[in-house]
Amino acid sequence: MKKYVALMATAGLVLVSGTAVASQELSNDLSRCASGKGPAVLVNVRGVKESSGKVRVQSYPASSGAWLAKGRWLHRIESPASAGSMNICIPVPSEGKYGIAVRHDRNGNGKTDINQDGGGFSNNPSISILNLGKPSVNKVAFDAGPGITRITVNLKYM
């Protein structure tokens with residue numbers, strides 16, 4: 001009975017919100033972005049300064065209440081950094097509007113070190129000290145289709 005109630009509550013949350021907030025950590029499985037798969041986003045991360053630390057990619061619903069809000073990400077993938085360019089495949093729950101945030105944690109300490117770490121966002125908006133590096137959801141939102149959507153994120157460092 002408890003399982004049934006929990007299942008119904010989860011289903012109700014999905015129906016009310018339109019998209020469940022998964023906050024699920026995954027490995028970088030590029031087979032999820034193979035032909036005929038999806039929905040998923042193949043993120044080409046460019047400008048990784050060095051092969052140290054980790055690159056973290058997080059997907060968010062493209063809504064002002066969820067974008068970059070603590071604990072509101074849908075999926076997170078962390079991979080060892082590889083200098084230059086990296087491909088990360090991140091699934092999305094369904095076709096729709098999303099935003100992607102990428103961070104290169106150069107020393108792998110799990111914290112944002114502004115003077116060392118790099119970062120970027122879907123649509124590559126310009127960021128400044130005035131918005132503390134957090135562009136609005138309108139600047140990062142993109143449409144993910146039912147298959148594989150390809151985007152490029154250019155990392156920026158201080």
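Residues numbered from 1 in each chain as written. Predicted model: local features only at pLDDT ≥ 70, side-chain atom pairs only at ≥ 80, totals over all residues. Heavy atoms only, no water.

A. How the structure looks around the overall build of the protein chain. Secondary structure summary: the protein chain contains two helices and 10 strands in total. Element order for the protein chain, N to C, with α for helix and β for strand: α-β-β-β-β-β-β-β-α-β-β-β. For the protein chain, the residues scored as buried account for 37% of the 158 residues in total. Counted over contacts in the protein chain with a minimum sequence separation of 6, partners at least 24 positions apart contribute 71%. Working note: accessible area of the protein chain is about 8900 Å², and carbon and sulfur atoms make up 55% of it. (Helix = DSSP H or I, 4+ residues; strand = E, 2+ residues; numbered from the N terminus. Buried < 20%, exposed > 50% of the residue type's maximum accessible area, 1.4 Å probe, protein only. Contact = heavy atoms within 4.5 Å. Areas by Shrake-Rupley, 256 points an atom, 1.4 Å probe, with all protein chains shown as cover.)

B. Spatial organisation of the nonpolar core. Residues Val41, Val43, Val45, Val48, Val57, Ile100 and Val102 are the most contacted members of the largest nonpolar core, which totals 23 residues. Sorting the residues of this core by element identifies strand 2 (40-48), strand 3 (54-61), strand 5 (84-91), strand 6 (96-105), strand 8 (142-144) and strand 9 (148-154) as the ones contributing at least two each. When near neighbours in sequence (up to four residues on either side) are disregarded, valine 48 contacts Val55, Ala81, Ser82, Ala83, Gly84, Met86, His104, Leu155 and Tyr157. Ranked by size, the runner-up nonpolar core spans seven residues in total, among them Trp67, Ala101, Val137 and Val140. (Core = buried A, V, L, I, M, F, W, Y, C linked by side-chain atoms within 4.5 Å.)

C. Geometry of the sheet that holds strand 5. Read from one edge of the open sheet, three strands run 5-2-9, paired in mixed fashion. Each edge of the sheet is formed by a strand with only one pairing partner; in this case those strands are strand 5 and strand 9. Here the average twist between neighbouring strands, direction ignored, is 20 degrees. One ladder, built from eight bridges, connects strand 2 with strand 5; its direction is antiparallel. Looking at the pairing, valine 45 lines up with methionine 86 of strand 5. (Pairing = 2+ DSSP bridges. Axes fitted to C-alpha atoms, helices over the stretch in contact; angles between N-to-C directions.)

D. Focus on the confidence of the model for the protein chain. Residue-level pLDDT values for the protein chain average 87, and 83% of them are 70 or greater. Counted against residues more than four places away or in other chains, residues 1-19, with its pLDDT under 50, gives five contacts. (pLDDT = per-residue confidence, 0-100.)

E. Quick look at the environment of lysine 134. As for its placement among the helices and strands, lysine 134 is situated in the loop between strand 7 (118-121) and helix 2 (137-140). Considering only alpha carbons, one finds lysine 134 and glycine 120, 14 residues apart in sequence, at a separation of 9.6 Å.

F. Structural context of unusual backbone geometry. Between glycine 38 and proline 39 the backbone carries a cis peptide bond, its omega angle lying at 0 degrees. Within the secondary structure layout, proline 39 lies in the loop between strand 1 (24-26) and strand 2. For leucine 68, which is not a glycine, the phi torsion comes out positive at approximately 60 degrees. One can find leucine 68 in the loop between strand 3 and strand 4 (75-80). For leucine 68, a relative accessible area of 24% translates into the label partly exposed.

G. Up close: the packing of aromatic side chains. Summed over the entire model, instances satisfying the criterion amount to two aromatic pairs. Both rings, one in tyrosine 60 and one in tryptophan 67, keep their centres 5.2 Å apart while their planes meet at 75 degrees; by these two values the pair is edge-to-face. Relative accessible area serves as the criterion here: at 8%, tryptophan 67 is assigned to the buried category. Here the aromatic rings of tryptophan 67 and phenylalanine 121 are separated by 5.9 Å at their centres, their planes lie at 65 degrees, and the arrangement is edge-to-face. Taken together, the positions of tryptophan 67 in the loop between strand 3 and strand 4 and phenylalanine 121 in strand 7 put the pair 54 residues apart, joining distant regions of the chain. Ring pairing ties together the aromatic residues Tyr60, Trp67 and Phe121, which thus form one cluster. (Phe/Tyr/Trp six-rings, centres within 6.5 Å; stacked < 30°, edge-to-face > 60°.)

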